[in-house]
Amino acid sequence: MRRTTDVLIAIFAFAFIIILAVAAYWDPAIRVLHAFEALPYLVAAILCLRRIPFGYPIGAVAGGFWLWTATFLTSFVPLRSSVRARNRTRVTPSRPRSHGVEASLSRSRL
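1. Considering the overall build of the protein
The helix and strand inventory of the protein stands at five helices and zero strands. Looking at the 110 residues of the protein, the share that counts as buried comes to 23%. Sequence separation of 24 or more characterises 45% of the internal contacts of the protein that already satisfy a separation of 6 or more. Accessible area for the protein stands at about 8,800 Å²; split by element, carbon and sulfur atoms hold 69% of it.

The structure is reproduced here in structure tokens:
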């Protein structure tokens with residue numbers, strides 16, 4: 001008899017594989033990537049349904065691996081540029097700047 005956890009792992013793995021297939025349908029440039037990304041989840045689902053202990057960490061390791069590669073090895077997730085942009089916007093001047101016509105008029109009066 002299968003445990004509820006094993007069945008839920010398989011259901012969510014297959015749901016994620018369907019999401020990958022839909023994304024690959026919309027963007028043909030990443031079809032091969034999504035095919036390789038779906039393989040570990042398919043293997044994990046099958047192993048979990050057979051109650052083989054090696055299947056449990058495969059899904060977690062595969063997810064961590066793909067998040068790591070997308071974040072640090074590709075430009076798919078622009079993490080570094082968004083951190084730099086956020087840090088630039090946090091720098092505030094010592095006095096508020098005014099923009100537009102009012103600013104040019106007030107400077108000309110000085």
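2. Quick word on the side chain of histidine 34
Looking at where histidine 34 falls in the secondary structure, it is placed in helix 2 (residues 31–49). With residues near it in sequence (within four places) discarded, histidine 34 still touches Leu20, Ala23 and Ala24.

Thresholds, definitions, all that
Residues numbered from 1 in each chain as written. Predicted model: local features only at pLDDT ≥ 70, side-chain atom pairs only at ≥ 80, totals over all residues. Heavy atoms only, no water. Helix = DSSP H or I, 4+ residues; strand = E, 2+ residues; numbered from the N terminus. Buried < 20%, exposed > 50% of the residue type's maximum accessible area, 1.4 Å probe, protein only. Contact = heavy atoms within 4.5 Å. Areas by Shrake-Rupley, 256 points an atom, 1.4 Å probe, with all protein chains shown as cover.

Function cannot be inferred from these measures alone, as they are strictly geometric.
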